[in-house]
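A structural walkthrough
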Amino acid sequence: MRYKRPDIKNAQSIIEAAQREMKFTLTLEPTKDAATTITRNIYESFRMLGDALLVAEGIESQDHIAPIKELLKLKVETKRPINLISNLRRLRHNINYYGYSPSIAEVTDTISIAKNCFKPLHDAVIEKIKSQHTTNYTPE
């Protein structure tokens, strides 16, 4: 990891992009053709939330593991366990590097994780950044 200057504005932009991407992705029909896109986008939206936490602290991550670990540290109540996001990271890795094609059941599960975990994590990320930085952080 590389240390930089904390960047609240960039963290805010990342959070907003994650929210837009998730909102769009959840409008896609879970078909075999859309399976990889849905899975990647949902994972990426979670990763971006974790990345926003790091950016707000002035940390530049070199991989996807650190942002996911940051998310998993949050104390947040969700209907599904947030550690399932680690499974999404592995699933996305298999898609990107081994040509894996997720089944409809896997995509449906991924969508369920998103619907049950994204909003609470999104809100927790905003609260954590707000509480640690008394600057003009104003989420959308």
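Residues numbered from 1 in each chain as written. Predicted model: local features only at pLDDT ≥ 70, side-chain atom pairs only at ≥ 80, totals over all residues. Heavy atoms only, no water.

Regarding the side chain of E70
Looking at the secondary structure, you find E70 in helix 3 (residues 65-73). A polar atom in the side chain of E70 sits 2.9 Å from the side chain of K73. With residues up to four places along the chain from it excluded, the contact list for E70 reads G50, L53, L54 and K128. (Helix = DSSP H or I, 4+ residues; strand = E, 2+ residues; numbered from the N terminus. Polar contact = N/O pair within 3.5 Å; in protein donor to acceptor, adjacent residues only side chain to side chain. Contact = heavy atoms within 4.5 Å.)

Side note on the environment of E60
With respect to the element layout, E60 can be found in strand 2 (residues 59-60). Taking the C-alpha atoms as reference, E60 lies 21 Å from R92; in sequence the two are 32 residues apart.

Section: the packing of helix 3 against helix 4 (residues 84-98)
Their axes nearest at 10 Å, the elements helix 3 and helix 4 cross at an angle of 165°. It follows from the interaxial angle that helix 3 and helix 4 lie roughly antiparallel. Crossing angle aside, the handedness with which helix 3 passes helix 4 is right-handed. Residues I65, I68, L71 and L72 of helix 3 pack against I85, S86 and R89 of helix 4. Looking at the contact of helix 3 with helix 4, its residues break down into five nonpolar, one polar and one charged. (Axes fitted to C-alpha atoms, helices over the stretch in contact; angles between N-to-C directions. Parallel < 35°, antiparallel > 145°, perpendicular 65-115°, else oblique. Left-handed = near helix turned anticlockwise from the far one by under 90°. Nonpolar A, V, L, I, M, F, W, Y, C, P; charged D, E, K, R; others polar.)

Things to note about the nonpolar core
Core analysis: the largest hydrophobic core is formed by 37 residues, its most contacted members being I42, F46, L49, L71, L121, V125 and I129. Of all the secondary-structure elements, those providing two or more residues to this core are helix 1 (8-25), helix 2 (35-57), helix 3, helix 4 and helix 5 (104-132). (Core = buried A, V, L, I, M, F, W, Y, C linked by side-chain atoms within 4.5 Å. Buried < 20%, exposed > 50% of the residue type's maximum accessible area, 1.4 Å probe, protein only.)

Observations regarding the pattern of salt bridges
Within the structure shown, the criterion is met by seven salt bridges. When the shortest N-O distance is used, the salt bridge between R47 and E44 registers 2.4 Å. Taken together, the positions of R47 and E44, both in helix 2 and three residues apart, correspond to about one turn of that helix. Under the relative-accessibility criterion, R47 is labelled buried at 14%. Two residues, K130 and E127, come together in a salt bridge whose shortest N-O distance is 3.6 Å. Pair noted here: K130 and E127 are both in helix 5, with a separation of three residues, about one helical turn. Look at the salt bridges and you will find they share partners, linking E44, R47 and D51 into a network. (Salt bridge = Lys/Arg side-chain N within 4 Å of Asp/Glu carboxyl O.)

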